[in-house]
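Descriptive structure summary
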Amino acid sequence: MSESAVLIVDRLCKSYGGVHALRELSFSVNSGEKVAVIGPNGAGKTTLFNVLNGQLAADAGAVVFDAASIGGLPPQTIARRGVGRTFQVPATFGSMTARENVQLALFGRHTQLRAAFADARAFEAKESLALLERAGIVALADRSCATLAYGDLKRVELAIALACRPRLLLMDEPTAGLAPSERATLMSLVVALAANDGVALLFTEHDMDVVFAHADRVLVLNRGRLISAGPPSVVRSDPQVRKVYLGPPTLPGNA
Amino acid sequence: MTLSAFLIQLLNGLAGASSLFLVSVGLSLTFGVTRVVNFAHGSLMMLGAYIAYSLIAGLGGGAAGYWAAVALSALAVAGVGVLIERFLLRRLYGAPELLQLTATFGVVLIVKDVVLALWGPEDLLGPRAPGFSGSVNILGSAVPQYDLLLIALGPLVLFLLTWLLRTTRWGILVRAASEDREMTAALGVNQAWLFSGVFFLGALLAGLAGALQLPREPANLNMDLAVIAEVFVVTVVGGLGSIPGAFIAALIIGVAKALCIAIGELAVFGVVLSFPKLTLVAEFIVMAIVLALRPWGLFGRPPALPRPSEQRELLRPPGRPLHVIAAAALIFMALLPLFADEYTLVLLTDISIFALFAASLHFMMGPGGMPSFGHAAYFGLSAYAAALLARTLPMESALLIAPLFAGLAALVYGWFCVRLSGVYLAMLTLAFAQITWSIAFQWDAVTGGSNGLTGVWPAQWLSSRRAYYWLTLTAAAIAILALWRIIFSPFGYALRGVRDSPLRAAAIGIDPRATQWAGFTIAGLFAGIAGALYAFSKGSISPETLSIPRSIDALVMVLLGGLQTLVGPVLGAAVLTSLQDSIVRHTEFWRATVGAVVIALVLFFPDGLAGIVQRMGVRGRHPT
Ligand SMILES: Nc1ncnc2c1ncn2[C@@H]1O[C@H](COP(=O)(O)OP(=O)(O)OP(=O)(O)O)[C@@H](O)[C@H]1O
Ligand SMILES: [Mg+2]
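Residues numbered from 1 in each chain as written. Chains lettered and ligands numbered in written order. Predicted model: local features only at pLDDT ≥ 70, side-chain atom pairs only at ≥ 80, totals over all residues. Heavy atoms only, no water.

With that settled, consider the overall build of chain A. Within chain A, the secondary structure is distributed over nine helices and ten strands. A compact globule built from 255 residues should have a C-alpha radius of gyration of about 18 Å, and chain A, at 18 Å, falls within 12% of that. Along the first, second and third principal axes, the C-alpha set of chain A runs to 60 × 40 × 35 Å. The burial tally for chain A puts 55% of its 255 residues in the buried class. Carbon and sulfur atoms provide 53% of the accessible area of chain A, an area that totals close to 10,300 Å². Separation between the mean location of the 26 positive side-chain charges and that of the 23 negative ones in chain A comes to 3 Å. (Helix = DSSP H or I, 4+ residues; strand = E, 2+ residues; numbered from the N terminus. Rg over C-alpha atoms; globule rule 2.2 N^0.38 Å. Buried < 20%, exposed > 50% of the residue type's maximum accessible area, 1.4 Å probe, protein only. Areas by Shrake-Rupley, 256 points an atom, 1.4 Å probe, with all protein chains shown as cover. Lys, Arg positive; Asp, Glu negative; His and termini not counted. Charge placed at Lys NZ, Arg CZ, Asp CG, Glu CD.)

Here it is, written out as C-alpha cells:
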C-alpha cells in the first residue's frame, strides 16, 4: 500500500442472505489514480460501491479514506468527507432543472443547507453554470431533469458529483446505456475533468475499450472475489480473467 | 390489586386482542395482494356491528337466530367490501399511493353518514350472546364466557388462515401475488377474481369482528376511526402484510393495555391516574419501541426500494404575474370587511386560517414528500394550548407561544414518522393523531373532555370580527409567504431533493432523515399558527379541532387545489371552506358529500384545480 493511497479497502465482506456479494476484498487506490473494476454481471461491483459510499453496511472488513476509517458511517458523512458517487441508473432530482441540481450539490459543500430563509436561486448560479459548461450541457441548464435524455442525465450526474469537490469519485458504469461513440467522448471528458481536479477515479465498466483506454489499473471481480489486479496489459492477458470474463481473443461488447 | 382481578383484566385484554387481530389481518391480507391500504377497513368493522345489531333484533332472541345474524352480518360486510373493490379500487390500482389512500378515506366519510342515516347517532348496545352470557370461575374470579370464546377464536382464525394460504390453490395464488404481482399476472391468473376474493375475505373478517364486538361494546359512530388507528398500530408493530405479525402485535398490545388497566386500578388509592389514558400511552410506547428498533415492524420486511421516482413536475418559484395577482387578491381581501356583513367575515376568517393550515400540509406532502393523514393533531394541539395559555397569559402571548407546542409535538412524532415512508408514514401520522385526539377527548380535567374548552376570546382590541379578521389575514399571509420562501431556500431544495431521490441527496452530503425531520417539524409549527388563530376566532374548542375528519379536510384542500403547485392549497382551502359552509346549511350529511367530492376528485381530477388551470394554459400555448 503506497503512501499516497487515498482509499484502502481491507478484507471487505458483504452477503445478502446466502449470496456472498463481496468476499475478503482488499485493494487500494492512490490519489489521482484511475482504477477500473470489471467483472461479469453480479460480480459485486455495485455492492462494492454501495459499501464504499456508506449506503450498505459491510459485514466485515475496513474502509479507510484519507487516512481515516469511514466504515459504518452514513452516506452523507462519507460524501462530506470527499467521496463522490454516480449511479448505474442516473439519480438526479426530477423536480428541478439541471442547474438547480448542481446548485443543490454546491449548497451542501458550503453548508448552506440549514439556511431556511435565504433565496436559493441566487446562490452559486455562476459556479453551477460553469460546472454544467464543463460537463458539456450548459445549453440544457434550465431543462427539467425529468425530461432529459439518458446521456445528458449521466452528464448532469457528473457535474453534480464534481460540484462536491470529491477527492475520490465512484462511478458505477458511467457510460452504460449510451451509444458507442458517445461512450468514448463521455469517458474522455470524465478522465480530463478528474485529472484537472486531481480526483482519484474508481469506476466500473463493461466496455473493455473504455477500460483499457483509460484505466491506470484494473481490478477484476468474480463472485465477490478479487481474481486479478494490475495494469491493463497484465490483466488483459491473465488467463483466469480471460476464462471468467473477457472470453477468448475477441472482446465482448457490452453486457 | 389482587391476582384474580389482574387475571380478569388480562383475559379481557386477550379477548380484545382477538378481535383486533381479526380486523388487522384483513387489512394485511388485502394490502398484500392489492398494495392498497384500505383506510375504510375500520368502517367495515363498524358496519358489521350495526348490521349485526339490526339482524339480531330481526331474527329473534334464540341462539340459532343470534349466530345466524352474526354470520349474515359478516357476509353482508364482505359484500360491501367487494363492491368497494369492484367500483372504486379497481380503477385506482395504477394510481399513486396518496390518491388510493385518499379515495378509501372518501369511503370512510360516506360509510359514517350512511350509518348515521340508517341507525341514528345513539350508541346501540346488543344483547348478550346466547350460550355465552354467563361466567366461568377461574382462580376464584368470574371470567365472562364470552371473553373465553373470543380468546379461542383468535388462534383458530390464525390457524384457519394459515391453512388456507398454505394448502389451497387459492391461498397459494394469494401468497404468490403478495410476493410478486407481475409473476402471477404472467401465470395467467385472473387477477380481477383474486383481488375481489381477497377483499371478500378481508371484509368478512372485519364484519365478523364488528358483529362479535357487539356484546362487549355498543355500536357507535366513533368505531371506524378508533379501530383503524388501532389496526394501524398493530400493523406497524407486527409488520405490514404479515399474518403472524398481526397476531403477535395484537396480543402484545392487548396485554399491554390490560396491564395498564390493572396498574390504573391500583393507583386509584394513590396518585390519581385515570387508566384509559394509560392504555393509550401503553400503545404509544409499544409502537415507539418497536419502530425505534425495527422500523418495518416485528415481522415486516423493508419495502423494496422506493419506486423509481415518479414523473416529477418542475416546481417553479412564483413569477411576476403571480406576485401581482397575489398582491391584488390580498388587497381585495383586506378591503372586503368594509363591505361584508358579519357572516361573511366569519367565513373569510375561516378561509384565511384553513389556507394556512392547507399550505402547511402541502409543504409537508408536496416538497416534503411525506403524506400525512393526521395533520390536525398539530392544528388542534396548538388550539388547545392557546386556550389553556390564555387563562394565565395575555391573549397575544398565548397566540404566539401556542404554535410552539404544535412544533414540539411534531418534533416528537416526526422523529418516528421520518423513519418510515409512503403508506407506512401515512398510517403512523394517523395513529399519532388519533392518540392525540383520544387524550384530548378523555383528559377531562385539563381539556374539558368531549365538551372542550369555552371562553377563549381574543383581547379587547381584537374583539370585533373585523379586527380579528385583519389579524388573521395578515398572520396567515405572512406565514404562507414564509412557507413559500422556505420551499425555495437551500433547506427547501434539500427537502425536495430528499423526496426526489434520497440516494442522490445522501451522496451529495444531505442527511435525508434530519432534513425530513426538520421539514416535518416546520409543517407542524405552521399548522399550529393556524390552530391558535382558529381557537380565538371561535371562542371555544372541542376535540373535533384535532379529529381525523379535520385532517382529511386539509388533505382534500391540498388535493383539490393540486399538490404540484404552491397556490393550489390556498385555492383548495377557499373552495372547500365555502363549499362546506353551504353544504352544512343544506344537509346534515355533509361528510358523505365531502367523501363523494373526494372520490370524484381522485377519479376524475387527480391534478386538482391548479392542474386543470395549468393544463388549459399549456393547451393554450401549444395547440396539440
Ligand atoms: N439487494 C440485494 N438483495 C439480494 N441480493 C442482491 C442485492 N443486490 C445485489 N444482490 C446480489 O449480489 C450479487 C452482486 O450484485 P451487484 O449488483 O453488486 O453486481 P454487479 O457486479 O454490480 O452486477 P452488474 O454488472 O449487473 O451491475 C448478485 O448476485 C446479486 O444478485
Ligand atoms: Mg452493477
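Residues and elements named next belong to chain A. Across the sheet, four strands lie side by side as 2-1-4-5; this open sheet has antiparallel pairing. Pairing within the sheet leaves two strands with one partner each, and these edge strands are strand 2 (19–30) and strand 5 (68–69). Both strand 1 (residues 5–16) and strand 4 (residues 60–65) contribute to a ladder of five bridges, which runs antiparallel. Within strand 4, the residue paired with valine 9 across the bridge is valine 63. Packed on one face of the sheet, helix 1 (residues 45–52) meets strand 1, strand 2 and strand 4 and runs near 115° to strand 1. (Pairing = 2+ DSSP bridges. Contact = heavy atoms within 4.5 Å. Axes fitted to C-alpha atoms, helices over the stretch in contact; angles between N-to-C directions.)

For the magnesium ion (ligand 2), the protein coordination sphere consists of A:Thr46 (OG1) and A:Gln88 (OE1), at 1.9 to 2.3 Å. Here A:Thr46 is found in helix 1, whereas its partner A:Gln88 is found in the loop between strand 6 (83–86) and helix 3 (98–109), with 42 residues between them in sequence. (Donors = N, O, S within 2.8 Å, 3.2 Å for Na, K, Ca; no water.)

Our focus in this paragraph is the interface of chain B and chain A. Contacts between the two partners involve 31 residues from chain B and, on the opposite side, 37 residues from chain A. For the pairing of chain B and chain A, the buried interface totals around 2,800 Å² over both sides, and the portion due to carbon and sulfur atoms is 64%. Taken together, the connections running from chain B to chain A amount to one salt bridge. When the shortest N-O distance is used, the salt bridge between B:Arg504 and A:Glu157 registers 2.6 Å. Along the contact surface separating chain B from chain A lie eleven residue pairs in polar contact (both at pLDDT 80 or more). Secondary-structure elements contributing two or more residues to the side of chain B that touches chain A are helix 18 (465–487), helix 19 (490–500) and helix 20 (502–507) of chain B. The greatest single-element share of the side of chain B that touches chain A, amounting to eight residues, is contributed by helix 19 of chain B. (Buried area = accessible area lost by both parts, 1.4 Å probe. Salt bridge = Lys/Arg side-chain N within 4 Å of Asp/Glu carboxyl O. Polar contact = N/O pair within 3.5 Å; in protein donor to acceptor, adjacent residues only side chain to side chain.)

Any two side chains of opposite charge can pair, given that their charged atoms come close. As enumerated under the stated definition, the model contains 19 salt bridges over all chains in all. The salt bridge involving A:Asp197 is made with A:Arg134; its shortest N-O contact spans 2.9 Å. In this pair, A:Asp197 is assigned in helix 6 (residues 180–197) and A:Arg134 in helix 4 (residues 125–134), connecting sequence segments 63 residues apart. When its relative accessible area of 28% is taken as the criterion, A:Arg134 is described as partly exposed. Residue B:Arg550 pairs with B:Glu544 through a salt bridge whose shortest N-O separation is 2.8 Å.

All names here are of chain B. Put simply, chain B has an average pLDDT of 85, and 92% of its residues get 70 or more. Confidence drops under a pLDDT of 50 for residues 305–309, and excluding neighbours within four residues, the segment shows three contacts in the predicted structure. This stretch, residues 618–624, has a pLDDT under 50; its non-local contacts, to residues over four places away or in other chains, come to zero contacts. Complex prediction metrics read pTM 0.85 and ipTM 0.90. (pLDDT = per-residue confidence, 0-100.)

All names here are of chain A. By nearness alone, 13 residues border ligand 1, and Asn41, Gly42, Lys45, Thr46 and Thr47 come closest of all. One nitrogen or oxygen atom from the side chain of tyrosine 16 is found 3.4 Å from a nitrogen atom belonging to ligand 1. Here an oxygen atom of ligand 1 sits 3.0 Å away from a polar atom, N or O, in the main chain of glycine 44. The element that contributes the greatest number of residues to the shell around ligand 1 is helix 1, accounting for three residues. Taken together, the residues of the shell around ligand 1 break down into four nonpolar, seven polar and two charged. (Near = heavy atom within 4 Å. Nonpolar A, V, L, I, M, F, W, Y, C, P; charged D, E, K, R; others polar.)

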